[in-house]
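# Descriptive analysis of the structure
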Amino acid sequence: MTRIDAVCVGETMAVLTSPGALAEGARLTVGTGGAESNVAMALARLGHRSAWVSRVGADPFGRMVTDSVARCGVDVRGVEVDPVLPTGLYVKDTAPGGAGVLYYRKGSAASTMSVVDAEKVWSRGPRLVHLSGITSALSPRAAALVRELLDRRAGNGALRSFDVNHRPALWEAREAGPVLLDLARRADVVFVGRDEAERLWGTPAVEDVRAILPEVPTLVVKDAEHGATSFDGADTVFVPAPSVDVVEEVGAGDAFAAGFLSGLLDDLVPDRRLSLGHAAAGQVLRSRGDVLDRVPDEVPGIRAGNA
C-alpha cells in the first residue's frame, strides 16, 4: 500500500443550504461539509497524497459524501459504512432572521468512531495526521480516538496536526476549553483563532496563546483579517492577511490549514507556509464553495497538484 502524506480523520456530513427562509418553505441545495475532509481535499489539490478516515451511513447521503471527497483525489478506503446509523446532516438557514446552522448529527455513524479506527490511520504509514476538536465533541468514543491518535507512543512517528475548531453549537466553551487545551498540548502542529483562544482559555493576545501552549513545536494563531502568526520553536513569524472580497467564509480556515500543512510537508520556511495558507484561504473566501478548487495564483513555485 502506497504511503500517504497526510491522513485526515473526522466527520463529514451532508449539507442542506437554503437561499431563503426555511420556515417559509425555501428550496434546499445538497452538498457536503466536514473540516477534516476539506483539509484532505485541499491537500490533494495542492499535490499531496491524502486520505480521509471516517464513518458514514448506508444511505444516499453517505454515498454522496464519500464520492464527493474521492473525486478530489482523496483516498477513501478508510471510510467505513455503518449499516444502521445515519450519515450526519446539517442545515444552513442563512436568510435574514433565519436559524443559522442546524445540526442533525447526534447518533450519526461518525459519532461511533473509536480507538479501533486508529489502525486504519497507522496502516497507511502517514507522514502527518490531521485532527480537529470537532471530533472530540461527537461522543466519548470519538474523543478517545483523538487522544489515541495524538498519543506519541502510538503510530509511526508521524507529525500530529490539531485544529482546535471549537463549535459552540456542539459544546460550550467552559466544557470544551480544558479538553481542547489538553489535546492541543499533545500535538506537533496546532491551529487556533485568536478570538477562539480568548473564548476558550481567556487569552486575549497572540503572545498569551503561546504562553499557554509553550510546548507545542509549531503553533499557528490566526487573527481573522489581520493575519497569522507562526511560533516555530523559538522563532516567531507574522504574515498579514491579503485583502479579499469575501463571498462566504465557510471552509476558509480548513483551506488555511491545508495550505500551511502543504508548505510544512514540502519543507517551506514558516513565512512561506503562512503565505500559502493565506492564499488558499483567500481562494475559498472568494467563492461560494467550502473547498479549495484550484492551486492559488498568489503563491508561485508550489506543487501543481491536480490543477
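The structure displayed is predicted, hence computed values, not measured ones.

In this section: the overall build of the chain. Each helix and strand counted, the chain has ten helices and 13 strands in total. Among the 307 residues that make up the chain, the fraction classed as buried is 57%. Once local pairs closer than 6 in sequence are excluded, the contacts in the chain between residues at least 24 apart make up 68%. Within the structure as shown, the chain displays about 13000 Å² of accessible surface, and the carbon and sulfur contribution to it stands at 53%.

The strands making up a sheet associate through backbone hydrogen bonding, with each pair oriented either parallel or antiparallel. Across the sheet, which stays open at both edges, the nine strands sit in the order β5-β4-β1-β8-β9-β10-β11-β12-β13 with mixed pairing between neighbours. At either margin of the open sheet sits one strand with a lone partner, and together these are β5 (75-82) and β13 (235-240). The average undirected angle you get between the axes of adjacent strands in this sheet is 15 degrees. As paired strands, strand β1 (residues 6-9) and strand β4 (residues 50-57) are joined by four bridges and run parallel to one another. Counterpart to V9 in the pairing with β4 is V53. Lying over the sheet, helix α1 (residues 35-45) contacts β1, β4 and β8 (128-132), oriented at roughly 145 degrees with respect to β4. Packed on one face of the sheet, helix α9 (residues 252-265) meets β8, β9 (159-163), β10 (189-193), β11 (218-223) and β12 (227-232) and runs near 150 degrees to β10.

The periodicity of an α-helix, 3.6 residues per turn, causes residues three or four positions apart to be oriented the same way. Between its terminal C-alpha atoms helix α2 (residues 60-71) stretches 16 Å, which fits the 16 Å expected from twelve residues at 1.5 Å a residue. Along α2, the positions that sit buried rather than exposed are G62, V65, T66, S68 and V69. Along the long axis of α2, the arc covered by the buried residues comes to 160 degrees, so they all point the same way. Along α2, exposed side chains directed more than 90 degrees from the buried face belong to P60, R63 and R71. On its buried face, α2 sits against β2 (13-18), β3 (29-33), α1, β4 and β5. Remark: G73 follows α2 within two positions and exhibits a positive phi of approximately 95 degrees.

In this section: unusual backbone geometry. Non-glycine residue N165 carries a positive phi angle of around 45 degrees. As for its position among the elements, N165 is in the loop between β9 and α6 (173-186). Of note, the phi angle at D267 is positive, near 60 degrees, even though the residue is not glycine. As for its placement among the helices and strands, D267 is situated in the loop between α9 and α10 (270-285).

What follows deals with the nonpolar core. Ranked by internal contacts, the top residues of the largest apolar core, which has 40 residues, are V9, F162, L180, W201, L213 and L219. Broken down by element, this core gets its largest block of residues, five residues, from α6. Apart from the residues lying within four places of it in its own chain, the contact partners of L219 are V190, V192, V209, R210, L213, T229, S230 and F231. Within the second largest apolar cluster, 30 residues are counted, among which are A6, A44, L128 and A258.

Criteria and cut-off values
Residues numbered from 1 in each chain as written. Predicted model: local features only at pLDDT ≥ 70, side-chain atom pairs only at ≥ 80, totals over all residues. Heavy atoms only, no water. Helix = DSSP H or I, 4+ residues; strand = E, 2+ residues; numbered from the N terminus. Buried < 20%, exposed > 50% of the residue type's maximum accessible area, 1.4 Å probe, protein only. Contact = heavy atoms within 4.5 Å. Areas by Shrake-Rupley, 256 points an atom, 1.4 Å probe, with all protein chains shown as cover. Pairing = 2+ DSSP bridges. Axes fitted to C-alpha atoms, helices over the stretch in contact; angles between N-to-C directions. Expected span 1.5 Å × (residues − 1). Arc of directions from axis to C-beta. Core = buried A, V, L, I, M, F, W, Y, C linked by side-chain atoms within 4.5 Å.

That's the geometry; what it means functionally is another story.
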